[in-house]
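# A closer look at the structure
Here are the chains, one letter per residue:
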Amino acid sequence: LGVDLAFNPRYMYRGMVYSDGPVTQVTAWASTDKLYLYTWSNLALPAAAGAQPLDEIDVGAAYRFKRGAVTVVPAVDLYLYRLSREERAAGSASHTAEASATVAYAAGGAAVFLRHVVDTDSYAGAYFGTLGVRYDRALTSKTGLGAAVSVGWASARYHRAYLERAKPGVSL
């Protein structure tokens, strides 16, 4: 059971910037050794003129299967967006959902991971993939340090939905 509070100069997700200024992002979660449930929110600080301070709330669940050095994590996520009048008029979706599967291979404190994500709702079929490596190290029994680097790629449908251009691409 826990809560994270993060302050960021911009809301960035999958290599794309979604805010014009600083944001506060709050995550609350409950977990067991295998099951992870969470809710996440994004609040603009201060909200731009006409913008909604609370513009997104996400909820999700993941289940972890581990066998030796290999971990497989299927997950589902629901994204709820608070849209401006202009976004509603342009036909932007107020919600969507994704199903994903992550496979990781751990060696020492490092792990190589591959994640596949497919939209199952408003942008059905939009795909985003990630390949990366991460390193985690415990500093004390309650604190740790981690770092990751990854490359992502997306389908033309994903780019059409989120970037308004229908080209497949790669993001670092």
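This is a predicted model, so every value here is computed, not measured. (Residues numbered from 1 in each chain as written. Predicted model: local features only at pLDDT ≥ 70, side-chain atom pairs only at ≥ 80, totals over all residues. Heavy atoms only, no water.)

### Thoughts on the overall build of the chain
For clarity, the threshold we go by: Each helix is a run of DSSP H or I of at least 4 residues and each strand a run of E of at least 2, with the numbering of both proceeding from the N terminus. For the radius of gyration, the atoms used are the C-alpha atoms, and the globule rule reads 2.2 Å times the number of residues raised to 0.38. Burial classes: relative accessible area under 20% of the type maximum marks a residue as buried, over 50% as exposed, and values in between as partly exposed (1.4 Å probe, protein chains only). Here a residue-residue contact requires only that any non-hydrogen atoms of the pair lie within 4.5 Å. Areas reported as accessible are Shrake-Rupley estimates using a 1.4 Å probe. Residue values count occlusion only from the protein chains shown. Counted as positive: Lys and Arg. Counted as negative: Asp and Glu, with His and the chain ends omitted from the count. Here the site of a charge means NZ on Lys, CZ on Arg, CG on Asp, or CD on Glu.
Counting its secondary structure elements, the chain contains 2 helices and 13 strands. Here the C-alpha atoms of the chain give a radius of gyration of 17 Å, agreeing with the 16 Å that 2.2 N^0.38 yields for 172 residues. Principal axes of the C-alpha set define a box for the chain whose edges measure 50 × 35 × 25 Å. Within the span of the chain, comprising 172 residues, buried residues form 28% of the whole. Long-range contacts, defined here as pairs at least 24 residues apart, represent 31% of the contacts in the chain between residues at least 6 apart. Within the structure as shown, the chain displays about 10800 Å² of accessible surface, and the carbon and sulfur contribution to it stands at 62%. Across the chain, the mean location of the 17 positive side-chain charges is 7 Å away from that of the 14 negative side-chain charges.

### Concerning the environment of Tyr162
Counting through the fold element by element, Tyr162 comes out in helix α2 (residues 156-163). Along the backbone, Tyr162 and Ala106 are 56 residues apart, and their C-alpha atoms lie at a distance of 32 Å.

### Let's talk about the layout of surface pockets
The rolling of a water-molecule-sized probe over the atoms marks out the regions of remaining empty space. Our working rule: Residues are said to line a cavity or pocket when one of their atoms sits within 4 Å of a point; the points come from a 1 Å grid over protein atoms alone, cavities being sets where a 1.4 Å probe fits but cannot get out and pockets being open sets with protein on both sides within 12 Å along at least five of seven lines. Grid points are joined across faces, edges and corners, and a volume is the space filled by probe spheres set on the points.
Estimated volume of the second largest pocket: approximately 370 Å³. For the lining of the second largest pocket, the elements supplying multiple residues, two or more each, are β8 (70-81), β9 (95-107) and β10 (110-119).

### Considerations on the confidence of the model for the chain
The cut-off we apply is this: The pLDDT score gives, residue by residue, the confidence of the prediction method on a 0 to 100 scale.
When pLDDT is averaged along the chain, the result is 88; 92% of the residues meet or exceed 70. Across the chain, element-level confidence peaks in β10 with a mean pLDDT of 97 and bottoms out in strand β13 (residues 169-171) with 59.

### Points about the nonpolar core
Definition in use: In these notes, a set of buried Ala, Val, Leu, Ile, Met, Phe, Trp, Tyr and Cys residues joined through side-chain atoms within 4.5 Å is what counts as a nonpolar core.
Met16, Ala93, Tyr123, Ala126, Phe128, Ala154 and Tyr158 together form the largest nonpolar core, which totals 7 residues. Setting aside its immediate chain neighbours within four residues, Ala126 contacts Val117, Val118, Asp119, Ser155, Arg157 and Tyr158.

### Section: the packing of aromatic side chains
For clarity, the cut-off: Aromatic pairing here means that ring centres of Phe, Tyr or Trp (its six-membered ring) are within 6.5 Å. Orientation follows from the plane angle: under 30 degrees is stacked, over 60 is edge-to-face, and everything else is tilted.
If you walk through the whole model with that rule in mind, you get 4 aromatic pairs. Ring geometry for Phe128 against Tyr158: centres 5.2 Å apart, planes inclined by 45 degrees, an arrangement best described as tilted. In this pair, Phe128 is assigned in strand β11 (residues 127-138) and Tyr158 in helix α2, connecting sequence segments 30 residues apart. We note that Phe128, like Tyr158, is buried.

### Observations regarding the pairing of strand β4 (residues 23-31)
Which entries qualify depends on this criterion: Only when DSSP finds a minimum of two bridges between them are two strands counted as paired.
Sheet topology note: the strand β1 (residues 2-8)/β4 ladder contains 7 bridges and is antiparallel. By the bridge assignment for β4, Asn8 is matched with Val23. Where β4 and strand β5 (residues 35-44) come together, 9 bridges link them in antiparallel fashion. Bridge pairing links Ser31 to Tyr36 in β5. Where β4 hands over to β5, the hairpin turn is made up of 3 residues, counted between the paired strands.

### Notes on a nonpolar patch on the surface
We apply this condition: Any residue with relative accessible area above 30% and no salt bridge may belong to a patch, with like charges joined within 9 Å and the nonpolar Val, Leu, Ile, Met, Phe, Trp and Tyr side chains within 5 Å. By salt bridge we mean one thing: a side-chain nitrogen of Lys or Arg within 4 Å of a carboxyl oxygen of Asp or Glu.
Where nonpolar side chains cluster on the molecular surface, the patch consists of Leu35, Leu37, Tyr63, Phe65, Val70, Val72, Val103 and Tyr105 and spans about 650 Å² of accessible area. Sorting the residues of the nonpolar patch by element identifies β5, β8 and β9 as the ones contributing at least two each. Structurally, Leu37 is set in strand β5. Leu37 gets classed as partly exposed once you look at its relative accessible area, which sits at 40%.

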